[in-house]
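The chain contents come next:
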Amino acid sequence: MDYQDIIKDWKNNKFRSLYWLEGEEDFFIDQVVNYAEHHLLSEADKGFNLTVFYGKDTDWTTVINACRRYPMFAERQVVILKEAQAMRDLLKLEPYIDKPLDSTVFVVAHKQGKIDGRSKMAKLIKDRGVMLSTKKLYDNQLPSWAETYVRTQGLAISEKACILLADHIGNDLSRIANEIDKLLVNLPEGKKIDESDIEKYVGISKEYNVFELQNAIGQMDMVKVMRIVKYFTANPKAAPIQMLIPALYNYFSKMNLLFGIKGGEKEMAAALGVHPFFLKDYTAAARKFGPEGTERAILLLHQYNLRSIGIGDSGNEDGELLKELVYRIMRP
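Calculation criteria
Residues numbered from 1 in each chain as written. Predicted model: local features only at pLDDT ≥ 70, side-chain atom pairs only at ≥ 80, totals over all residues. Heavy atoms only, no water. Phe/Tyr/Trp six-rings, centres within 6.5 Å; stacked < 30°, edge-to-face > 60°. Helix = DSSP H or I, 4+ residues; strand = E, 2+ residues; numbered from the N terminus. Lys NZ or Arg CZ within 6 Å of the ring centre and 35° of its normal. Salt bridge = Lys/Arg side-chain N within 4 Å of Asp/Glu carboxyl O. Buried < 20%, exposed > 50% of the residue type's maximum accessible area, 1.4 Å probe, protein only. Patch = residues over 30% accessible without salt bridge, like charges linked within 9 Å, V, L, I, M, F, W, Y side chains within 5 Å. Areas by Shrake-Rupley, 256 points an atom, 1.4 Å probe, with all protein chains shown as cover. Axes fitted to C-alpha atoms, helices over the stretch in contact; angles between N-to-C directions. Parallel < 35°, antiparallel > 145°, perpendicular 65-115°, else oblique. Left-handed = near helix turned anticlockwise from the far one by under 90°. Contact = heavy atoms within 4.5 Å. Nonpolar A, V, L, I, M, F, W, Y, C, P; charged D, E, K, R; others polar. Polar contact = N/O pair within 3.5 Å; in protein donor to acceptor, adjacent residues only side chain to side chain. Core = buried A, V, L, I, M, F, W, Y, C linked by side-chain atoms within 4.5 Å. Pairing = 2+ DSSP bridges.

Draft legend 1. Representation of the packing of aromatic side chains within the structure. Evaluation of the coordinates by the stated rule reveals 15 aromatic pairs. Here the aromatic rings of Tyr-3 and Phe-27 are separated by 6.3 Å at their centres, their planes lie at 80 degrees, and the arrangement is edge-to-face. Remark: Phe-27 occurs in helix H2 (residues 26-39) and Tyr-3 occurs in helix H1 (residues 3-11); sequence separation between them is 24 residues. One aromatic cluster is present, formed by Tyr-3, Phe-27, Phe-28, Trp-145 and Tyr-149 through successive ring pairs. Over the ring of Phe-15 we find Arg-76, and its NZ or CZ is 3.7 Å from the ring centre.

This is the structure:
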């Protein structure tokens, strides 16, 4: 069960007594907690039947006592424990979890960590309620996640716009969702989000970005590459070298996989974790660089990543490092 399944059940008036939300991805946890806090009860019922605790400010006896109360003038009450990882003696909630009250919906948000899955408490949670265990998405999953998020909001987005958004923001689902929400407010109903919309409302240039840089490198277009590098040098906040190098490393790593994959386009795209629409760009670049050129680029990216943080470098500016890096990648 993922976070959307929990919310879907709630919308269909299907409730369990306990929801334990844990793991590395705060966004999924926050979505469930936000819905529980703002939508499970009517405004009239919230005053008597909604209780919110913060782990660092409460204790296990107070939380259990709240959970054991019966709802007032309502079918159920909601008790939310935020930042549960900061509560002392958290494991002392075990007696209540063993025998939860049917009329209480108890939601526990335990971020940035998990309880021991072999423990008695973990087994009780799974038996008596719902455990949502979250983890960070891989970078290659971000564009697909962004596309799905847009679709759930009733709009569509181009593949290139998804990649542009994900590459610029990185693995921060909350920020990606916030930028998409900003687009939804500003765009007319039924509009398909494209690169121009990303440039206008998110502030990412559709011509000068990581996606365009890697494509220009893959096409061996030195003129375009240097034009983009010049822009990044003049606008260091647009794409810091510490963001560019991991993105290019990911690009060449995927390209390198192509030399060992057997199968058709569908299998190749799946192995790389890219949309089939972009596979032709990777295969064309792989033909230009070949196995040796691709491996050499990966080694250079590793070296320049160290230099960008001051290891083995005498203090070159980021712009100069980037210019030297891309030149050496394209002119062995």
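Draft legend 2. Looking closely at the pattern of salt bridges. What the rule picks out here adds up to 17 salt bridges. Between Asp-127 and Arg-128 there is a salt bridge, and its shortest N-O distance comes to 2.0 Å. Look at Arg-128 and you get partly exposed, because its relative accessible area is 28%. Across the salt bridge formed by Lys-182 and Glu-179, the nearest N and O atoms sit 3.0 Å from each other. Note that Lys-182 and Glu-179 are positioned in helix H9 (residues 173-186) at a spacing of three residues, about one turn of the helix. A residue is classified by how much of its surface remains accessible, and Glu-179, at 13% relative accessible area, is buried.

Draft legend 3. Region of the structure containing a nonpolar patch on the surface. Together, Phe-48, Met-72 and Phe-73 make up an exposed nonpolar region whose accessible area comes to about 390 Å². Positionally, Phe-48 belongs in helix H3 (residues 43-49).

Draft legend 4. View of the packing of helix H13 (residues 241-257) against helix H16 (residues 318-330). Between H13 and H16, whose axes approach to 11 Å, the crossing angle comes to 15 degrees. Looking at the two axes, H13 sits roughly parallel to H16. Relative to H16, H13 is oriented so that their crossing is left-handed. Facing Ile-241, Gln-242, Leu-244, Ile-245 and Phe-252 of H13, the residues of H16 in contact are Asp-318, Leu-321, Leu-322, Leu-325 and Ile-329. In terms of residue class, the contact of H13 with H16 is made up of eight nonpolar, one polar and one charged.

Draft legend 5. View of helix H11 (residues 210-218). Burial analysis of H11 places nine of its nine residues in the buried class, which makes it a mostly covered element. For H11, the complete set of buried residues consists of Val-210, Phe-211, Glu-212, Leu-213, Gln-214, Asn-215, Ala-216, Ile-217 and Gly-218. In this fold, the buried residues of H11 make contact with helix H8 (159-169), helix H12 (222-234), H13, helix H15 (279-308) and H16. By the N-cap criterion, in which a side-chain oxygen at the helix start approaches the backbone nitrogen of a residue two or three places on, H11 is capped by Asn-209, the distance to Phe-211 being 3.0 Å. Positive phi appears at Met-220, one or two residues downstream of H11, with a value of about 60 degrees.

Draft legend 6. The arrangement of the nonpolar core in detail. Counting residues in each nonpolar core, the largest one holds 46 residues, and the members touching the most others are Trp-10, Leu-21, Val-107, Trp-145, Ile-176 and Ile-198. It is H2 that contributes the most residues to this core, seven residues altogether. Not counting chain neighbours up to four residues away, the residues in contact with Val-107 comprise Trp-10, Tyr-19, Leu-21, Val-33, Ala-36, Val-79, Ile-80 and Leu-81. Ile-228, Ala-247, Tyr-251 and Met-268 belong to the second largest nonpolar core, which has 39 residues in total.

Draft legend 7. Representation of the pairing of strand E1 (residues 18-23). In terms of burial, E1 is largely enclosed, as six of its six residues are buried. Here E1 shows two buried faces, one formed by Leu-18, Trp-20 and Glu-22 and the other by Tyr-19, Leu-21 and Gly-23. Pairing of E1 with strand E4 (residues 104-111), which is carried by six bridges, proceeds in the parallel orientation. Counted as the bridge partner of Tyr-19 is Val-107 from E4. Both E1 and strand E5 (residues 130-134) contribute to a ladder of four bridges, which runs parallel. Looking at E5, one finds that Trp-20 is bridged to Met-131.

Bear in mind that shape data such as this cannot, by itself, settle questions of function.
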